[in-house]
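What follows is the residue order along each chain.
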Amino acid sequence: MGEPKFGLAFVHQPPEQRQGTYVQLAEDRGFDSAWAVETRLLRDGIVPLASWATRTTDIELGTAMINPYTRTPTLMAQTFATLDEVSNNRTILGIGAANEMLIQEFHGQEFHRPLTRTRETIDVFRALMRGETATYHGETVQVTDVQLDFETPRSEVPVYMGVTGPRMLELAGAIADGVILNAFVSHGYIENAIERIEAGARDADREVPDIGMVPVYSVDPEGTPAKEAVKPLLAEYVCNLPGLETARRKVGDPLLEREDVREGVMEPVRETIESDGVEAAAEHVPDWLVDELAVAGSTPECMAKFQEYFDLGFDFLVPSLVGENYGYAIDSVADHFSLDG
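Residues numbered from 1 in each chain as written. Predicted model: local features only at pLDDT ≥ 70, side-chain atom pairs only at ≥ 80, totals over all residues. Heavy atoms only, no water.

Asker: Just checking my understanding: could you explain the overall build of the protein chain for this structure?
Answerer: From N to C terminus, the protein chain includes 15 helices and 13 strands. Its C-alpha radius of gyration of 20 Å places the protein chain within 12% of the 20 Å reference for a compact globule of 341 residues. By principal-axis analysis of the C-alpha atoms, the protein chain measures approximately 55 × 45 × 40 Å. The buried share of the protein chain, taken over its 341 residues, is 56%. Within the protein chain, residue pairs in contact and separated by at least 24 positions form 73% of the contacts whose partners lie at least 6 positions apart. Total accessible area on the protein chain is roughly 14500 Å²; 45% of this is exposed by carbon and sulfur atoms. Counting 27 positive and 58 negative side-chain charges, the protein chain places the averaged centre of each group 3 Å from the other. (Helix = DSSP H or I, 4+ residues; strand = E, 2+ residues; numbered from the N terminus. Rg over C-alpha atoms; globule rule 2.2 N^0.38 Å. Buried < 20%, exposed > 50% of the residue type's maximum accessible area, 1.4 Å probe, protein only. Contact = heavy atoms within 4.5 Å. Areas by Shrake-Rupley, 256 points an atom, 1.4 Å probe, with all protein chains shown as cover. Lys, Arg positive; Asp, Glu negative; His and termini not counted. Charge placed at Lys NZ, Arg CZ, Asp CG, Glu CD.)

Rendered as structure tokens:
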């Protein structure tokens, strides 16, 4: 493995104006990329990239992750060709299928054949970025004689797939330029997921794409406040999103099979979320589970956890910042891993 590579993302805070300031700091300190998170009904994943592009010069800018249902491949091509003009060719299309709740309940679209929809969307997006006139009659995507009305700045925008389930992992290995695993996954899941990605690449007779993940990252000199800041998000993602849990189980996540996790954490968290909300449920999340599933605690604890992830085989990490110590969090990574030389 080469030198450690880091990106930067924000889960839901701070407001976008401050995010741009920290993206500038990350660029100055040697981070390779910055990612605008679009999940559930948080901020849009496109608008921040345009803002960050005007405030930076070198750092790559990606979406984490837009879905193939609420935006068509034609609109994606228009958007990323325009963002390339604004950023001088620094954009990355981060795409993931999302989930039934987001697509059907929140957006009113049918969550139909996500694997096929993702693959066909990427096919058409790439054709349009190459300047081709695209006619594509797939199972979920159909376009006829479509061509952008302006010349794209470059013919290939990197496509990174955000994936969790087994078939999507294999598809990413077969067609993506990069793969990003979800947050709050165990070492056992990571090892199995990387095997799936490698299998997909092998079946497609191609090199394994770059593989990374978005660990939730919260750091504080005292340690404990950083762990507490992560617990509400961990309670929601690990214990109350059955679609993600099912996908992880299909890949193989030994953590989810443990009795102390199922009965000691997940069940009381779910019951408390239903009766009293996420903040109250977070009280049932123990520090040891935070230590297993997030990068949270004192600076030495966090840097050791990042190294653990690289030792598992990741090519890059995109820490997703939680808490209030954003500048300190960025500087801690840059200093420890000598990102800026």
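Asker: When you look at the pairing of strand 7 (residues 159-163) in this model, what are you seeing that I'm missing?
Answerer: The side chains of a regular strand alternate, first on one face of the sheet and then on the other. Counted residue by residue, strand 7 has four buried out of five residues, so it is predominantly covered. In this sheet, strand 8 (residues 178-181) lies alongside strand 7 in parallel orientation, the contact comprising four bridges. Counted as the bridge partner of V163 is L181 from strand 8. The parallel pair strand 7 and strand 8 is bridged by helix 6 (residues 166-175), and the resulting crossover is right-handed. (Pairing = 2+ DSSP bridges. Right-handed = clockwise from strand over helix to strand, strands pointing away.)

Asker: Looking at this structure, how should I read unusual backbone geometry?
Answerer: One can expect most non-glycine residues to show negative phi and most peptide bonds to be in trans. Note the cis peptide between A64 and M65, where omega equals -15°. Among the secondary structure elements, M65 is positioned in the loop between strand 3 (60-64) and helix 3 (73-87). The phi torsion at D205 lies on the positive side, around 55°, for a residue other than glycine. Turning to its location among the elements, D205 is positioned in the loop between helix 7 (187-203) and strand 9 (210-213). The phi dihedral of S338 is positive, around 50°, even though this residue is not glycine. Here S338 is to be found in the segment after helix 15 (326-337).

Asker: Got a minute to help me understand the side chain of K227 in this structure?
Answerer: In this fold, K227 is placed in helix 8 (residues 224-239). Within polar-contact distance, the side chain of K227 engages the side chain of D291 at 2.5 Å. When neighbours within four sequence positions are excluded, K227 is seen to be in contact with D287, V290, D291, A296, G297 and E301. (Polar contact = N/O pair within 3.5 Å; in protein donor to acceptor, adjacent residues only side chain to side chain.)

Asker: Could you clarify how one ought to interpret the packing of helix 14 (residues 299-311) against helix 15 in this entry?
Answerer: To describe two helices that pack against each other, one gives the angle between their axes and the distance between the axes. It is at 11 Å that the axes of helix 14 and helix 15 come closest, and there the two elements cross at 60°. When the interaxial angle is binned, helix 14 and helix 15 end up oblique. Like other packed secondary-structure pairs, helix 14 and helix 15 cross with a definite hand, here right-handed. On helix 15, the residues that touch T299, M303, F306, Q307 and F310 of helix 14 are Y328, S332, V333, H336 and F337. In terms of residue class, the contact of helix 14 with helix 15 is made up of six nonpolar, four polar and no charged. (Axes fitted to C-alpha atoms, helices over the stretch in contact; angles between N-to-C directions. Parallel < 35°, antiparallel > 145°, perpendicular 65-115°, else oblique. Left-handed = near helix turned anticlockwise from the far one by under 90°. Nonpolar A, V, L, I, M, F, W, Y, C, P; charged D, E, K, R; others polar.)

Asker: Explanation requested: the pairing of strand 9 in the structure shown.
Answerer: For strand 8 and strand 9, the ladder comprises four bridges, and the chain directions are parallel. Bridge pairing in strand 9 places V179 opposite I211. Following the backbone out of strand 8, through helix 7 and into the adjacent parallel strand 9, one traces a crossover that is right-handed. Of the pairings in the sheet, the one linking strand 9 to strand 12 (residues 316-317) comprises two bridges and is parallel in character.

Asker: Just checking my understanding: could you explain the nonpolar core for this structure?
Answerer: Within soluble globular proteins, side chains that are nonpolar generally end up buried alongside one another. Ranked by internal contacts, the top residues of the largest apolar core, which has 76 residues, are F31, M161, I190 and Y217. Beyond its immediate sequence surroundings of up to four residues, I190 is in contact with L181, V185, M213, Y309, L312 and F314. Judged by nonpolar contacts, the second largest core, of 38 residues, contains V11, A64, I180 and C239. (Core = buried A, V, L, I, M, F, W, Y, C linked by side-chain atoms within 4.5 Å.)

Asker: Sorry, what's going on with the packing of helix 1 (residues 16-28) against helix 15 here?
Answerer: Where helix 1 contacts helix 15, the axes come no closer than 10 Å and their chain directions differ by 15°. The angle between the axes of helix 1 and helix 15 places the two elements in the roughly parallel class. The chirality of how helix 1 crosses helix 15 is right-handed. For the pair formed by helix 1 and helix 15, the contact residues are R18, Y22, L25 and A26 on the first element and Y326, G327, I330 and D331 on the second. For the contact of helix 1 with helix 15, a count of residues per class yields five nonpolar, one polar and two charged.

Asker: Help me understand a negative patch on the surface, please; the structure alone is not making it clear to me.
Answerer: A surface patch of like charges, here negative, comprises E259, E263, E267, E271 and E274. As for its position among the elements, E271 is in helix 11 (residues 259-276). (Patch = residues over 30% accessible without salt bridge, like charges linked within 9 Å, V, L, I, M, F, W, Y side chains within 5 Å. Salt bridge = Lys/Arg side-chain N within 4 Å of Asp/Glu carboxyl O.)

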